Amino acid sequence: MADNALTAPLRSPLSQVADRLAAATRMSEGAIRLAELPFLAQLNVRLDAKGAAAEAVGLALDLPLPLQPNTVARAGELTALWLGPDEWLLVGPPGSERDLESRIRQAAGDEPVSVIDVSAQRTTLLVTGPRAHDLLAHGCPLDLHPRTFGYGRCAQTTLGRTQVVLVARDEPRAGFWVLARSSFAGYLADWLLDAAAEYI
């Protein structure tokens, strides 16, 4: 029987605004950088933080799950975001979803664990540059000063009235990840471009 499945190239939620993001970056002359990081693997992981599975999963991923609220752990290309006392978002390179899920389930063994691939649910915007804090502060209720929301911190919050997961990257000058639902990504990109106008 012939395979009649439609095959189309993947298209990111922000593919139509990539040129505008790049133009804003150029015109800001280094003040800000806006770009989409499309197709990152994103797995929602739920398990008992005090149970045997948490340590086993951390060893299997070579990435201990962060146990402090609103913190981030990173090893190589993997990043784990604390979302709640028993919930994490694991972010990895594009295409690694199945491998990561398999490793988590194998490591957890008979312990209760929930692993859900939410990669298609969100896209990731990169916001960097010396004015990144100022840009995000226009529409985020959090205090984003580095003393309060410094490297290695994350939070579920709003930006421009859109629910996001905001991550302060853990390298100097790495800026922020803004993880937004795909259905709101276009609106959020427009909001960021509008807010960035004062730096252009």
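Everything in this summary refers to the structure shown in the same document. It should be emphasised that the depicted structure is a prediction, and the values quoted were computed from it without experimental measurement.

### Topic: the side chain of Thr 79
Take Thr 79: it is sitting in strand β4 (residues 78-84). You can call Thr 79 buried: its relative accessible area is 2%. Residues in contact with Thr 79, not counting those within four places in the same chain, are Leu 63, Val 72, Ala 73, Arg 74, Leu 89, Leu 90, Val 91, Arg 169 and Trp 177.

### What about the environment of Tyr 151?
Locating Tyr 151 in the fold gives a position in the loop between α4 (132-137) and β8 (153-159). Since its relative accessible area comes to 55%, Tyr 151 is described here as exposed. Residues Tyr 151 and Arg 173 lie 22 residues apart in sequence; the distance between their C-alpha atoms is 9.6 Å.

### As for the sheet that holds strand β3 (residues 72-75)
One open sheet holds the 5 strands; their spatial order is β3-β4-β5-β2-β6, and the pairing between them is antiparallel. Each edge of the open sheet is held by one strand with a lone partner, namely β3 and β6 (113-117). On average, each strand axis in the sheet is inclined to that of its neighbour by 20 degrees, with strand direction left out of account. Direction of pairing for β3 relative to β4: antiparallel, over a ladder of 4 bridges.

### Digging into the sheet that holds β8
With antiparallel pairing, the 5 strands of this open sheet are ordered in space as β1-β7-β10-β9-β8. At either margin of the open sheet sits one strand with a lone partner, and together these are β1 (33-37) and β8. Each adjacent strand pair in this sheet contributes to an overall mean axis angle of 25 degrees, direction not counted. This element, helix α5 (residues 182-195), spans β1, β7 (122-128), β8, β9 (162-168) and β10 (176-181) of the sheet and lies at about 135 degrees to β10.

### Here we look at the side chain of Thr 162
For Thr 162, the location among the structural elements is in strand β9. Leaving out residues up to four positions away in the same chain, Thr 162 has contacts with Thr 157, Phe 184, Tyr 187 and Leu 188.

### Thoughts on unusual backbone geometry
A positive phi is found at Glu 29, a non-glycine position, where the angle reads about 55 degrees. Tracing the backbone through its elements, the reader meets Glu 29 in the loop between α1 (18-27) and β1. The exposed category is assigned to Glu 29, whose relative accessible area is 74%. The phi dihedral of Arg 161 falls on the positive side, at around 65 degrees, and the residue is not glycine. In this fold, Arg 161 is placed in the loop between β8 and β9. Taking the relative accessible area as the measure of exposure, Arg 161 reaches 79% and is therefore exposed.

Cut-offs used in this document
- Residues numbered from 1 in each chain as written.
- Predicted model: local features only at pLDDT ≥ 70, side-chain atom pairs only at ≥ 80, totals over all residues.
- Heavy atoms only, no water.
- Helix = DSSP H or I, 4+ residues; strand = E, 2+ residues; numbered from the N terminus.
- Buried < 20%, exposed > 50% of the residue type's maximum accessible area, 1.4 Å probe, protein only.
- Contact = heavy atoms within 4.5 Å.
- Pairing = 2+ DSSP bridges.
- Axes fitted to C-alpha atoms, helices over the stretch in contact; angles between N-to-C directions.

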